[in-house]
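Next come the chains, spelled out residue by residue.
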Amino acid sequence: MAASALPFGIPDLVIKAIPEDERLWVPQAPNVWFRPLFLNTVAGEWINLLRVRRAGVLSRHRHPAPVHGYVIKGSWRYLEHDWTAVEGTYVFEPPGEIHTLTVDNADEMITLFHVCGALIYFDENHKAVGYDDVHRKIEMCQKHYEEVGLGADYVKNFIR
Ligand code: FE
């Protein structure tokens, strides 16, 4: 019996990661977008592509759970570390640290991030000022997909 025929099986999710339809990129900040791939409401995690077309500090944040990244294009770094994640780099971010995501080159950067749990955003004084989790990501997708004519429910394609 094929796996897809399991009576309570969850459907596969097989999609073109870098989409032909520009509308699938959800704006996150000026010249910063995310493209949802897998929004996991059971484990509380999400996998997305982050696309940046500007240089400078993007966010100062902390993860309470692990993050995995794979750089598809361009490069980025954390001000707190002496390494730079370049095209082809895999990064494991252990939970706990507050770090400052920075892009040095305004050319396009695209990285696949698997974020477990949440991102908690901090200001320069280490004060928490916001957060992202899979449910916030879903809300952002709903709003954007509604605005661009795909319909709020389009996000359901990426939710399991
Ligand atoms: Fe991080």
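See the structure above.
Keep in mind that what you see is a predicted model, and the values were worked out from it rather than measured.

1. Observations concerning the side chain of H63
- Looking at the secondary structure, you find H63 in the loop between β4 (56-62) and β5 (67-73).
- Exposure remark for H63: the relative accessible area of 2% places this residue in the buried category.
- Within the local environment of H63, its side chain forms a polar contact with the side chain of E93, the two groups lying 2.7 Å apart.
- Each residue touching H63, except ones within four places of it in the same chain, is listed here: Y78, E93, P95, G96, E97, H99, A118 and L119.

2. As for the layout of surface pockets
- The calculated volume of the largest pocket comes to roughly 300 Å³.
- Lining the largest pocket are 22 residues, with Q28, L50, L101, L119 and Y121 positioned closest to its centre.
- Of all the secondary-structure elements, those providing two or more residues to the lining of the largest pocket are β1 (26-29), β2 (32-40), β3 (45-52), β4, β10 (109-116) and β11 (118-122).

3. Quick look at the environment of V115
- Along the polypeptide, V115 turns up in strand β10.
- On a C-alpha basis, the gap between V115 and G130 in space is 16 Å, while along the polypeptide they are 15 residues apart.
- Sequence-distant contacts of V115, defined by excluding residues within four places in its chain, comprise E45, W46, P66 and V67.

4. Observations regarding the coordination of the iron ion
- Every protein donor of the iron ion is accounted for by H61 (NE2), H63 (NE2), Y78 (OH), E93 (OE) and H99 (NE2), and the metal-donor separations fall at 2.1 to 2.2 Å.
- Of note, the donors binding the iron ion are all from one chain and are spaced H-x1-H-x14-Y-x14-E-x5-H. Pair noted here: H61 is in strand β4 and H99 is in strand β9 (residues 98-103), with a separation of 38 residues, a long-range link. Each member of the pair, H61 as well as H99, is classed as buried.

Thresholds, definitions, all that
- Residues numbered from 1 in each chain as written.
- Predicted model: local features only at pLDDT ≥ 70, side-chain atom pairs only at ≥ 80, totals over all residues.
- Heavy atoms only, no water.
- Helix = DSSP H or I, 4+ residues; strand = E, 2+ residues; numbered from the N terminus.
- Buried < 20%, exposed > 50% of the residue type's maximum accessible area, 1.4 Å probe, protein only.
- Polar contact = N/O pair within 3.5 Å; in protein donor to acceptor, adjacent residues only side chain to side chain.
- Contact = heavy atoms within 4.5 Å.
- 1 Å grid on protein atoms, 1.4 Å probe; cavity = no way out; pocket = protein on both sides within 12 Å on 5 of 7 lines; lining within 4 Å.
- Points joined across faces, edges and corners; volume = space filled by probe spheres on them.
- Donors = N, O, S within 2.8 Å, 3.2 Å for Na, K, Ca; no water.

Shape descriptors only; they carry no functional weight alone.
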